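# Structural features, examined
Spelled out, the chains give:
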Amino acid sequence: MNHIFNLKTSLIVAALLALPVAQAANISKDDYKAGKTRISADYKADKAACAPLAANAKDICVEEAKAKEKVARAELEYSYTGKAKDQTKLMEVKAKSAYEVAKEKCDDKAGNDKDVCVKEAKAVETKALADAKMGKEIKEAKKDATEDKRDADYKVAVEKCDAMAGDAKTSCIAAAKTKFGKN
């Protein structure tokens, strides 16, 4: 039973992280504000739906409502800005939210079963956060590599210009600066 729960939890987290992150559409400011209002209203409704529940079932329901709100806000932010930083934050929020829900579900257990459940949930979160960090590092490495390539191409272009003289050389260097963004 414990392994099935942990497998389901792992699959849910993996599914959340594997979902293609919505391509940033750079929504308008009005749509962004409306989205924030909608998310707040959804959260209040989800939380109100937890009221009739009791004990840990209520705690789980509330934690799921919080997780849904956090993920929705992160998705909205990424949709609004389109920044890679916000995409990484979205992945991190998904991982942390899934962990909080899984940890709350572990409260139904006792003793070693509970300890194992919490450790497994933490392991899934740690892996998801590592994946988010790796994606961020890969993007930064690609950006650095692109800049290095552009700098190398610029140096080659300038070197070719050195064979020229006068206005031709000045024009050649200006063209290289423009082409490789060195203005």
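Throughout what follows, the structure given in this document is the object of discussion. The shown structure was predicted, so the numbers you read here are calculated from the model rather than taken from an experiment.

According to the stated counting rule, one finds three disulfides in the structure shown. The disulfide that involves Cys50 links it to Cys61, with 1.9 Å between the sulfurs. Taking the torsion about the sulfur-sulfur bond, which here is approximately -80°, the covalent link between Cys50 and Cys61 counts as left-handed. Of this pair, Cys50 sits in the loop between α2 (29–49) and α3 (55–81) while Cys61 sits in helix α3, and the two are eleven residues apart along the sequence. The residues Cys50 and Cys61 share a single accessibility class, namely buried. Between the sulfur atoms of Cys106 and its disulfide partner Cys117 the distance amounts to 1.9 Å.

As a further point, take a negative patch on the surface. On the surface, a cluster of negative charge is contributed by Glu140, Asp144, Glu147 and Asp148. Among the structural elements, Glu147 can be located in helix α5 (residues 111–161). The exposure class assigned to Glu147 is partly exposed, which follows from its relative accessible area of 30%.

Procedures and definitions
Residues numbered from 1 in each chain as written. Predicted model: local features only at pLDDT ≥ 70, side-chain atom pairs only at ≥ 80, totals over all residues. Heavy atoms only, no water. Disulfide = S-S within 2.5 Å. Helix = DSSP H or I, 4+ residues; strand = E, 2+ residues; numbered from the N terminus. Buried < 20%, exposed > 50% of the residue type's maximum accessible area, 1.4 Å probe, protein only. Patch = residues over 30% accessible without salt bridge, like charges linked within 9 Å, V, L, I, M, F, W, Y side chains within 5 Å. Areas by Shrake-Rupley, 256 points an atom, 1.4 Å probe, with all protein chains shown as cover. Salt bridge = Lys/Arg side-chain N within 4 Å of Asp/Glu carboxyl O. Lys, Arg positive; Asp, Glu negative; His and termini not counted. Charge placed at Lys NZ, Arg CZ, Asp CG, Glu CD.

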